[in-house]
Amino acid sequence: MEDIHPARIRAADADRERVATAVQTAGSEGRLTLEEVEERLTHVYAARFTDELTVLTADLPRPAPPGPGFPLGRDALRRHPALRLHLAVVVAIAAVAIVRWVVLGGGLFWPAFPMFWLAVSLFVHARVRAFRERAGSAVPY
């Protein structure tokens, strides 16, 4: 068995796929020739340790971090209980308004107007939270 340094970490399939995607992206951007892409991909799938993968993309630019997602997505709702509460209040008021509209005999669907403004308030709340997170000054309320 070969001598393995204890600090080396074995590469997982997900690590290899991440590096393979970076190499393929560099090839599609014209940063690597087709031969270089093929050679690096061969090394990617033969790599056993993460430091071997790092070497294969060391001369490539780092991908930009993902931009902010939808401010009212699952992640935002998981992180911020205040957003969950706001959403619950919006849904409850909308449900009461719709039930009242049905009980009163229909006609013009007037609940659309308060529902619109309730939704606007929820989206503004979510955007303000996302902005504060990006600025690094998230206020826990």
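Below is a short write-up of the structure. (Residues numbered from 1 in each chain as written. Predicted model: local features only at pLDDT ≥ 70, side-chain atom pairs only at ≥ 80, totals over all residues. Heavy atoms only, no water.)

Topic: the overall build of the chain
- Of the regular secondary structure elements, the chain holds 6 helices and 0 strands.
- Ordering the α and β elements of the chain from the N terminus gives α-α-α-α-α-α.
- Across the chain, every contact between residues at least 6 apart in sequence was considered, and the portion connecting residues at least 24 apart equals 59%. (Helix = DSSP H or I, 4+ residues; strand = E, 2+ residues; numbered from the N terminus. Contact = heavy atoms within 4.5 Å.)

Details of the layout of surface pockets
- By volume, the largest pocket amounts to about 340 Å³.
- As for the largest pocket, its lining consists of 16 residues, of which A22, T57, P61, R62 and P63 are closest to the centre.
- For the lining of the largest pocket, the secondary structure elements donating two or more residues are α1 (13–28) and α3 (50–56).
- Of all the elements, α1 adds the most residues to the lining of the largest pocket, at 6 residues. (1 Å grid on protein atoms, 1.4 Å probe; cavity = no way out; pocket = protein on both sides within 12 Å on 5 of 7 lines; lining within 4 Å. Points joined across faces, edges and corners; volume = space filled by probe spheres on them.)

A word on helix α6 (residues 112–135)
- Between its first and last C-alpha, α6 extends 34 Å over 24 residues, near the 34 Å set by a 1.5 Å rise per residue.
- Each element contacted by the buried residues of α6 is listed here: α5 (81–103). (Expected span 1.5 Å × (residues − 1).)

Topic: a nonpolar patch on the surface
- A grouping of L85, V89 and I93 is seen on the molecular surface, where their side chains present a nonpolar patch of about 260 Å² in accessible area.
- Along the polypeptide, L85 turns up in helix α5.
- The exposure class assigned to L85 is exposed, which follows from its relative accessible area of 56%. (Patch = residues over 30% accessible without salt bridge, like charges linked within 9 Å, V, L, I, M, F, W, Y side chains within 5 Å. Areas by Shrake-Rupley, 256 points an atom, 1.4 Å probe, with all protein chains shown as cover. Salt bridge = Lys/Arg side-chain N within 4 Å of Asp/Glu carboxyl O. Buried < 20%, exposed > 50% of the residue type's maximum accessible area, 1.4 Å probe, protein only.)

A short note on the pattern of salt bridges
- Counting across every chain of the model gives 7 salt bridges.
- The residue R18 makes a salt bridge to D15 at a minimum N-O spacing of 3.8 Å. Separated by 3 residues within a single helix, R18 and D15 lie in helix α1, roughly one turn from each other.
- Here the salt bridges share partners, and the residues they tie into one network are R8, D51 and E52.

A closer look at the packing of aromatic side chains
- Enumeration over the complete set of coordinates arrives at 2 aromatic pairs.
- The interplanar angle of 90 degrees and the centroid separation of 4.8 Å between the aromatic rings of W101 and F109 together place this pair among those described as edge-to-face.
- Ring centres of F116 and W117 lie 4.8 Å apart, and the angle between their planes is 80 degrees; on these two criteria the pair is classed as edge-to-face.
- On the basis of relative accessible area, F116 is assigned to the partly exposed category, the value being 47%. (Phe/Tyr/Trp six-rings, centres within 6.5 Å; stacked < 30°, edge-to-face > 60°.)

Re the environment of W101
- Checked against the element boundaries, W101 lands in helix α5.
- As a C-alpha pair, W101 and P111 span 10 residues in sequence and 7.2 Å in three-dimensional space.
- With sequence-adjacent residues up to four places away left out, W101 is seen in contact with G106, G107, L108, F109, W110 and P111.

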